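# Summary of structural features
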Amino acid sequence: MKVRIGIGSLPVGGSTGADGFVELVDELEARGIDSLWLPDLVGTDAVDAHTGMAFALGRTRTLKVGTGVLVLPGRNPALVAAELASLATLAPKRVLPAFGVRPARARERQLYPVPGDRAAVFEEALVVVRRLLTEDRVTHHGEFFQLTDARVGPRPPGHVDLWLGGRARVGLERIGRLADGWLGSFVTPAEAAECRAIIERAAAAAGRAVEPDHYGTNLAVVPPEATDAQIAAALANSVDRRPDVSPDQIVAHGWAQARERIAEYVDAGLTKFVVRPATPVPDWRGFLDRFDQELRPLESG
């Protein structure tokens, strides 16, 4: 299986803003790094995920660009499908959309109003996106979306894989039924193995299968130069996300532990990784230097 390790957005000096984004994209392409993953954050200095994806794909020739994760409920799924179709046509095999049910930040949830139960809207929206990307004409009369003889174009030359985030059982089973891959976060290797098993069982029950190398996770790395205050903030964020798990199990302290953690995830059945610093880095090129030296040798296939 192909082990691939990409980069999440790099918080530079406490900001994930547009400053330096162009240089970062160019640097990732020049180094031959597999992928860049952009968060869907509103009301921050972060580059918009869809806009950043289009910019990065247009500026590069080999870099893959993904969203980690894009909130689908609250967006028009037909327009999302049209955007993905154009991107996948212009940059074949380099578009990696990963979707989620709700924003990670509670204050942003008001920006994604939905006409009903959010999970139900998500599932139907995902079906609409899939059908529009794979069928010439789509007529869909569901609970939340109504389409008659709809189409998007240009049609992408190949299959566009749709990945989902999350770790709740209901979400994992949804992946098995409807999606092409899983991008987890804040999970231990043991939990990751169980998550994969749940997805595989749900896929089998639905008469389908998720490709063996379409399982991955985010991994936050505390760089050696992080201050005590930055480390404390990173651990507090981890506890906030997973109060039931020790931060040491879901955040890698330094590059040696990052290597060990990736090896544990690979043993658990994961092959795709999005690495990001757990604390702001004053010099993202230095972070990439260590990433090249310490983690890229782990790629295979």
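Up top is the structure these notes are about.
These notes cover the structure that comes with them. Keep in mind the model is a prediction, meaning the values are calculated, not measured. (Residues numbered from 1 in each chain as written. Predicted model: local features only at pLDDT ≥ 70, side-chain atom pairs only at ≥ 80, totals over all residues. Heavy atoms only, no water.)

### A word on the pairing of strand β3 (residues 64-67)
Consecutive residues of a regular strand have side chains that alternate between opposite faces of the sheet. Looking at chain direction, strand β2 (residues 35-38) and β3 are connected through four bridges and run parallel. Bridge pairing in β3 places Ser-35 opposite Lys-64. Handedness of the crossover joining β2 and β3 through helix α2 (residues 49-59) is recorded here as right-handed. The sheet contact formed by β3 and strand β5 (residues 95-96) spans two bridges and is parallel. The residue of β5 that forms the bridge with Gly-66 is Leu-96. (Pairing = 2+ DSSP bridges. Helix = DSSP H or I, 4+ residues; strand = E, 2+ residues; numbered from the N terminus. Right-handed = clockwise from strand over helix to strand, strands pointing away.)

### Considerations on the nonpolar core
Counting residues in each nonpolar core, the largest one holds 77 residues, and the members touching the most others are Phe-99, Leu-132 and Trp-182. Broken down by element, this core gets its largest block of residues, eight residues, from helix α4 (residues 118-134). Apart from the residues within four sequence positions on either side, Phe-99 is in contact with Val-69, Leu-70, Leu-72, Val-80, Leu-84, Phe-122, Leu-126, Leu-162, Trp-163, Leu-164 and Gly-165. (Core = buried A, V, L, I, M, F, W, Y, C linked by side-chain atoms within 4.5 Å. Buried < 20%, exposed > 50% of the residue type's maximum accessible area, 1.4 Å probe, protein only. Contact = heavy atoms within 4.5 Å.)

### Remarks on the packing of α2 against helix α3 (residues 77-90)
When two helices pack together, their arrangement is given by the angle between the helix axes and the distance between those axes. In the contact formed by α2 and α3, the axes pass within 11 Å of each other and the chain directions differ by 15°. The angle between α2 and α3 falls in the class roughly parallel. The crossing of α2 and α3 is left-handed. Facing His-50, Met-53, Ala-54 and Leu-57 of α2, the residues of α3 in contact are Glu-83, Leu-84 and Leu-87. (Axes fitted to C-alpha atoms, helices over the stretch in contact; angles between N-to-C directions. Parallel < 35°, antiparallel > 145°, perpendicular 65-115°, else oblique. Left-handed = near helix turned anticlockwise from the far one by under 90°.)

### Looking at a positive patch on the surface
Together, Arg-105, Arg-107, Arg-167 and Arg-241 make up a region of like positive charge exposed at the surface. Checked against the element boundaries, Arg-105 lands in the loop between β6 (98-100) and α4. (Patch = residues over 30% accessible without salt bridge, like charges linked within 9 Å, V, L, I, M, F, W, Y side chains within 5 Å. Areas by Shrake-Rupley, 256 points an atom, 1.4 Å probe, with all protein chains shown as cover. Salt bridge = Lys/Arg side-chain N within 4 Å of Asp/Glu carboxyl O. Lys, Arg positive; Asp, Glu negative; His and termini not counted. Charge placed at Lys NZ, Arg CZ, Asp CG, Glu CD.)

### Looking at the pairing of strand β13 (residues 272-277)
Of all six residues in β13, five are buried; the element is thus mostly enclosed. Two strands pair when backbone bridges link them, and strand β1 (residues 4-8) and β13 are joined in this way by four bridges, in the parallel orientation. In the sheet register, Arg-4 faces β13, and the bridge partner there is Lys-272. In the sheet, strand β11 (residues 215-222) pairs with β13 via six bridges, with the strands oriented parallel. Bridge pairing in β13 links Gly-216 to Lys-272.

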